[in-house]
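Observations on the three-dimensional arrangement
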Amino acid sequence: MRTQVGIVGAGPAGLMLSHLLHLRGVESVVIDLQTRESIEQTIKAGILEQGTVDLMRRTGVGDRLMRDGFVHHGINLAFSGGLHRINMYELTGGRSVTVYAQHEVLIDLIARRLADGGDVRFGVSDTQVEDVESEQPRIRFTHEGRQETLECDFVIGADGSRTSTRFLIPEGAVRTDFFRQYPFAWFGILAEAPPSSDELIYAHSERGFVLVSTRSPSVQRLYFQCDPDTVVDDWSDDRIWEEFQARLAPSGAQLTTGRIFKKDVLQFRSFVCEPMQYGRLFLAGDAAHTVPPTGAKGLNLAMADVHVLDRALGAYYDTKDTGLLESYTRTALQRVWRAQWFSFWMTSMLHRFSDASDFDLRRQIAELELVTTSPTAAKTLADNYTGLPLT
Ligand code: DHB
């Protein structure tokens with residue numbers, strides 16, 4: 001088999017890139033270890049930046065998003081016994097975020113790729129990428145019991161945080177990994193209950209952070225900060241609701257409760273790999289970088305990476321100009337490091353660190369007062385939360 005761009009990973013980065021390339025007449029094949037069902041059912045984050053929404057709408061995959069997504073013009077920060085709204089829409093001159101779950105984005109992209117005759121292979125195994133230093137890299141894999149070899153001009157490593165493609169970039173000589181671990185995690189639940197609040201609540205509390213989010217008019221997504229080794233089964237529904245109430249009560253926020261039908265623990269890491277390109281291999285999304293979930297930047301960064309890659313590959317196929325391909329790492333990393341800073345900032349402003357002194361707690365409150373009272377500081381938060389425009 002032969003294609004122009006071989007894409008490893010049918011997540012947001014891989015599928016969106018395949019879609020964008022198709023629109024400009026560039027061929028691609030996408031492969032993934034997981035089945036279509038598993039990809040379409042795995043619950044992840046749910047906040048789309050303005051730029052992600054615009055990109056999906058502009059390229060014809062935004063219909064369901066416009067119908068079923070919820071546009072949020074603000075967020076609430078809870079601290080020191082009060083609830084403080086940040087009006088992102090006003091502060092940014094009309095930008096907002098949309099609550100629409102990642103697996104719904106994937107359902108939309110898969111449907112569109114298949115309707116457009118795209119080649120997406122699910123449930124592959126034994127994937128091996130070869131010769132990325134040459135002008136004719138290859139992807140070998142097994143699909144439906146047959147061994148396949150896909151000859152490509154370029155290989156895209158969009159295989160998520162459990163990537164194998166990243167390790168094709170020689171560590172040390174070429175690749176540097178930047179890494180930070182956090183001493184906590186999030187306990188996440190999905191509950192059959194209408195939203196507790198019209199807009200998200202990010203709550204600072206002496207018992208630890210809470211995030212009140214939503215998925216639909218009948219399903220809430222909530223998280224509380226926990227130890228990384230927390231065992232889900234140690235937490236009964238009653239104990240979970242009591243913990244949420246204890247952390248939120250001082251701010252006056254009221255919780256609507258209901259049957260909890262999913263519980264999970266999310267680990268916290270910040271990670272960046274540099275460079276994001278080696279020979280004819282280009283990394284995109286979580287294969288190259290991971291952010292802690294505070295601020296929901298992961299999916300949006302993946303979309304921004306492939307927006308840059310699509311243009312770079314487009315320029316190459318139009319004119320053989322390799323300039324944008326060569327500057328891919330530099331262009332993508334600028335946004336990646338900004339998102340790393342933002343996610344780290346939100347995380348460290350809102351979470352309880354086990355070694356925090358009373359000084360640290362009061363400093364956090366001063367910072368939260370700053371971002372909720374200073375228009376300049378609030379604008380910094382709003383600009384970064386709604387996301388920098390895709391350039
Ligand atoms: C969600 C996750 C986040 O990390 C965040 O900052 C906001 C919302 C969510 O899953 O709904």
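Residues numbered from 1 in each chain as written. Predicted model: local features only at pLDDT ≥ 70, side-chain atom pairs only at ≥ 80, totals over all residues. Heavy atoms only, no water.

The protein chain is annotated in an unreviewed UniProt entry as 4-hydroxybenzoate 3-monooxygenase from Pseudonocardia broussonetiae.

Topic: the packing of aromatic side chains
Overall, the coordinates contain 26 aromatic pairs when judged by the stated rule. Centre to centre, the rings of Tyr 182 and Phe 184 are 6.0 Å apart; their planes meet at 40°, and the pair counts as tilted. Neither residue differs from the other here; Tyr 182 and Phe 184 are each classed as buried. Between Phe 184 and Phe 268 the ring centres are 5.3 Å apart and the planes differ by 70°, which places this aromatic pair in the edge-to-face class. Here the residue Phe 184 occupies a position in strand S13 (residues 176–192), and Phe 268 occupies one in strand S17 (residues 259–274), the gap between them amounting to 84 residues. An identical accessibility class is assigned to Phe 184 and Phe 268; each is buried. The aromatic ring of Tyr 182 is capped on one face by Arg 180, whose charged end is 5.2 Å from the ring centroid. The cationic tip of Arg 280 hangs over the ring face of Phe 154; the distance from NZ or CZ to the ring centre is 4.6 Å. (Phe/Tyr/Trp six-rings, centres within 6.5 Å; stacked < 30°, edge-to-face > 60°. Buried < 20%, exposed > 50% of the residue type's maximum accessible area, 1.4 Å probe, protein only. Helix = DSSP H or I, 4+ residues; strand = E, 2+ residues; numbered from the N terminus. Lys NZ or Arg CZ within 6 Å of the ring centre and 35° of its normal.)

As for empty space enclosed by the protein
Taken as a whole, this structure holds 1 cavity of 30 Å³ or more when the rule is applied. Residue lining of the largest cavity: Glu 49, Lys 297, Leu 301, Arg 335, Arg 338, Ala 339, Phe 342, Asn 384, Gly 387 and Leu 388, and that is the complete set. Top element by residues in the lining of the largest cavity is helix H10 (residues 328–350). It accounts for 4 residues. Taken together, the residues of the lining of the largest cavity break down into 4 nonpolar, 2 polar and 4 charged. (1 Å grid on protein atoms, 1.4 Å probe; cavity = no way out; pocket = protein on both sides within 12 Å on 5 of 7 lines; lining within 4 Å. Points joined across faces, edges and corners; volume = space filled by probe spheres on them. Nonpolar A, V, L, I, M, F, W, Y, C, P; charged D, E, K, R; others polar.)

Looking at the site of the ligand
The local shell around the ligand holds 15 residues, among which Tyr 202, Ser 213, Arg 215, Tyr 223 and Pro 293 are the closest. Separating an oxygen atom of the ligand from a side-chain N or O atom of Tyr 202 is a distance of 2.6 Å. Contact distances for the ligand include 2.4 Å between an oxygen atom and a backbone N or O atom of Pro 293. About the coverage of the ligand: the protein hides 99% of its 290 Å² of free accessible area. Within the residue set of the shell around the ligand, elements represented by two or more residues are strand S15 (210–216) and strand S16 (219–226). Examining the composition of the shell around the ligand, we find that 3 residues originate from one element, S15, more than from any other. Of the residues that constitute the shell around the ligand, the class distribution is 9 nonpolar, 4 polar and 2 charged. (Near = heavy atom within 4 Å. Polar contact = N/O pair within 3.5 Å; in protein donor to acceptor, adjacent residues only side chain to side chain. Areas by Shrake-Rupley, 256 points an atom, 1.4 Å probe, with all protein chains shown as cover.)

Examining the environment of Leu 91
Looking at where Leu 91 falls in the secondary structure, it is placed in helix H5 (residues 88–91). Separated by 17 residues in the primary sequence, Leu 91 and Gly 74 place their C-alpha atoms 9.6 Å from one another. In contact with Leu 91, not counting residues within four places along its chain, are Ile 86, Pro 375, Ala 378, Lys 379 and Ala 382. (Contact = heavy atoms within 4.5 Å.)

Thoughts on the sheet that holds strand S5 (residues 74–79)
Strand order in the open sheet formed by 8 strands is S6-S5-S14-S15-S16-S13-S17-S20, with mixed pairing between adjacent strands. Looking at strand neighbours, the two that pair on one side only are strand S6 (82–87) and strand S20 (289–290), the edges of this open sheet. The pairing of S13 with S16 spans 8 bridges and is antiparallel. Opposite Ile 189, over in S16, you have Leu 222 as the bridge partner. Sheet strands in contact with helix H7 (residues 237–248) are S13, strand S14 (201–203), S15, S16 and S17, and its direction is about 75° off that of S16. (Pairing = 2+ DSSP bridges. Axes fitted to C-alpha atoms, helices over the stretch in contact; angles between N-to-C directions.)

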